[in-house]
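Each chain is listed here by its residues.
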Amino acid sequence: MDEKYDTALLGILQHEGKIEKFLNVIFGFLYRRTDFYRVMKSKEDRLGFPPGVALKMLTSVFQQYDALTRRDDKLREAKSEKQGKELSQDTIAGNKPAPVKQQRTATESIQQSSTDNMMAESVTEQLQQDSATAHGDSAVKQDSDKSAKSESQHSIDTEDKIVHNKSDAIKVESKDTKTKSEEDDDPELTRQQQKFQENPESYNGAVRENYSWAQSITDLDLRVKVPSYIRKGRDVKVDISKKHVKVAHKDESGQYKVVIDGDLTWEVHKDESMWTLNPGENVHINFEKKEERWWEAVLTDEPKINVRKIDASRPMTDLDDEAQAKIEEMMYNDRQKKMGLPTAKEQKMQDMLKNAWDAEGSPFKGQPFDPSKFSMDSSGVVNMKPS
């Protein structure tokens, strides 16, 4: 999946606001500026497609990403089921988490294990645990004070060591900062990179005399220009090694002319890199980077771009499953809030409260469920509102 157009497409989507309107823009463009909807009526027609081919193309692309989505869903369901089984085993074994309040990481905040175990009990038992929770917090606070003192002393000792080399560090840093600042403030470099960003073939890259290149964090596309008479793959020679590339094509006399022959800035996976010929236009080489990093240049002897002026965002699919789940949850919660509906966390609490409402031993057993009798604080703890 190629994400180099994501910035432009996201801009359109944000402007239109809805998927339906976004799709209308895309297909409107195909209608106005291409022959996508044009149907070939005879073999002599040079524009359009045979009947039904355009629809088959569209269906094929949809099915491709639909299959990927179904695969991702199955992976998430399998992971969720596994976590559910582990949680159930912990509950059966009686391993209730201690009622300690702590700062959570992004991953821990998704799990909500302590809240789930607390709410699995009846509402009455939940309320009875409030005093125990307060006692637990007091104990934690004492331990935290001791830890804070230890960390503070360690910080002071470390700072004393840093101060000895502070003057030297300032000299080096000020020199580097000045150079970076000059690059950032150079209006010509800024305009040049903006121009590169507007061209898909130089997105996050550059245009040079004989070639152009674009990149993502994981791979790089190099397009080397060839004359219009180069139509066959046998008319070009491409040699790729882990840190070198050489491209040559036949000239009008039939002799091979070298267009590029240079060392790459960083190493690539030779076996995963590939090339193809766009007849009469260019040789397109796709390099898979050995390390995830932004390149300042393809070849070591070419001018460097300012990587602080490129689009360094990463597609959501590059994130791990837990990070993706967190982002999806945040997006869902934002939509729910705009519509005045409960967030995923609030809905989960309401469902658990509803089950506990009519449980054996509940003071509300037999009464209609009324969520207004409860409130949930920012940490996820549910309390009964005073009547």
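The preceding data block contains the structure.
A short tour of the structure in this document, coming up. (Residues numbered from 1 in each chain as written. Predicted model: local features only at pLDDT ≥ 70, side-chain atom pairs only at ≥ 80, totals over all residues. Heavy atoms only, no water.)

1. Side note on the overall build of the protein
1) Next: Check the secondary structure of the protein and you find 11 helices and 10 strands.
2) Next: Looking at the protein as a whole, 22% of its 387 residues qualify as buried.
3) Next: Nonlocal contacts in the protein, meaning residues at least 24 apart in sequence, comprise 47% of its contacts between residues at least 6 apart.
4) Next: A total of about 27,200 Å² of accessible surface is found on the protein, and carbon and sulfur atoms cover 52% of it. (Helix = DSSP H or I, 4+ residues; strand = E, 2+ residues; numbered from the N terminus. Buried < 20%, exposed > 50% of the residue type's maximum accessible area, 1.4 Å probe, protein only. Contact = heavy atoms within 4.5 Å. Areas by Shrake-Rupley, 256 points an atom, 1.4 Å probe, with all protein chains shown as cover.)

2. A look at the sheet that holds strand β2 (residues 211-215)
1) Next: One open sheet holds the five strands; their spatial order is β1-β2-β3-β8-β7, and the pairing between them is antiparallel. Both edges of this open sheet fall to β1 (206-207) and β7 (274-278), since each of them pairs with a single strand only. (Pairing = 2+ DSSP bridges.)

3. Regarding a negative patch on the surface
1) Next: Taken together, the side chains of D239, D261, D263 and D301 make up a negatively charged region of the molecular surface.
2) Next: Topologically, D239 is positioned in strand β4 (residues 236-241).
3) Next: What makes D239 partly exposed here is its relative accessible area of 47%. (Patch = residues over 30% accessible without salt bridge, like charges linked within 9 Å, V, L, I, M, F, W, Y side chains within 5 Å. Salt bridge = Lys/Arg side-chain N within 4 Å of Asp/Glu carboxyl O. Lys, Arg positive; Asp, Glu negative; His and termini not counted. Charge placed at Lys NZ, Arg CZ, Asp CG, Glu CD.)

4. Let's talk about the pairing of β4
1) Next: The pairing of β4 with strand β5 (residues 244-250) spans six bridges and is antiparallel. Bridging across to β5, S241 finds its partner in H244.
2) Next: In sequence, β4 turns back onto β5 through a hairpin of two residues.

5. Considering helix α11 (residues 344-357)
1) Next: Taking 1.5 Å of rise per residue, the 14 residues of α11 would be expected to cover 20 Å, and the 20 Å separating its terminal C-alpha atoms lies within 8% of that figure.
2) Next: Those residues of α11 that sit buried are M349, M352, L353, A356 and W357. Down the axis, α11 shows its buried residues gathered within 140° of arc, on one side only. Along α11, the residues that are exposed and aim more than 90 degrees away from the buried face are K354 and N355. (Expected span 1.5 Å × (residues − 1). Arc of directions from axis to C-beta.)

6. Description of the pattern of salt bridges
1) Next: This model, assessed by the stated rule, comprises 11 salt bridges.
2) Next: Salt-bridge contacts for R76 lead to D73; the nearest nitrogen and oxygen are separated by 2.8 Å. Linking R76 with D73, this pair stays in helix α3 (residues 53-92), spanning three residues, or about one helical turn.
3) Next: Given a relative accessible area of 23%, D73 falls into the partly exposed group.
4) Next: When the shortest N-O distance is used, the salt bridge between K304 and E296 registers 3.7 Å.
5) Next: Where salt bridges share partners, they join D66, R70, D73 and R76 into one cluster.

7. Details of the environment of K385
1) Next: Summarising the element assignment, K385 is placed in the segment after β10 (382-384).
2) Next: Taking the C-alpha atoms as reference points, K385 and S375, separated by 10 residues in sequence, lie 6.5 Å from one another.
3) Next: The residues contacting K385, other than those within four sequence positions of it, are S372, K373, F374 and S375.

8. Considering the nonpolar core
1) Next: Ranked by internal contacts, the top residues of the largest apolar core, which has 26 residues, are L222, V245, I260 and F287.
2) Next: The residues contacting L222, other than those within four sequence positions of it, are Y211, S212, W213, I260, V283, H284, I285 and F287. (Core = buried A, V, L, I, M, F, W, Y, C linked by side-chain atoms within 4.5 Å.)

9. Some words on the packing of aromatic side chains
1) Next: The final tally for this structure, using the stated rule, is three aromatic pairs.
2) Next: A centroid spacing of 6.5 Å and a plane angle of 65° characterise the contact between Y31 and Y37, whose relative ring orientation is edge-to-face.
3) Next: We classify Y31 as exposed; its relative accessible area is 62%.
4) Next: The exposure class of Y37 is partly exposed, given its relative accessible area of 45%.
5) Next: Measuring from ring centre to ring centre gives 6.3 Å for F36 and F49, while their planes differ by 70°; the resulting arrangement is edge-to-face. You can see F36 sitting in the loop between α2 (19-33) and α3 and its partner F49 sitting in the loop between α2 and α3, a full 13 residues away along the chain.
6) Next: Its relative accessible area of 23% is what places F49 among the partly exposed residues. (Phe/Tyr/Trp six-rings, centres within 6.5 Å; stacked < 30°, edge-to-face > 60°.)

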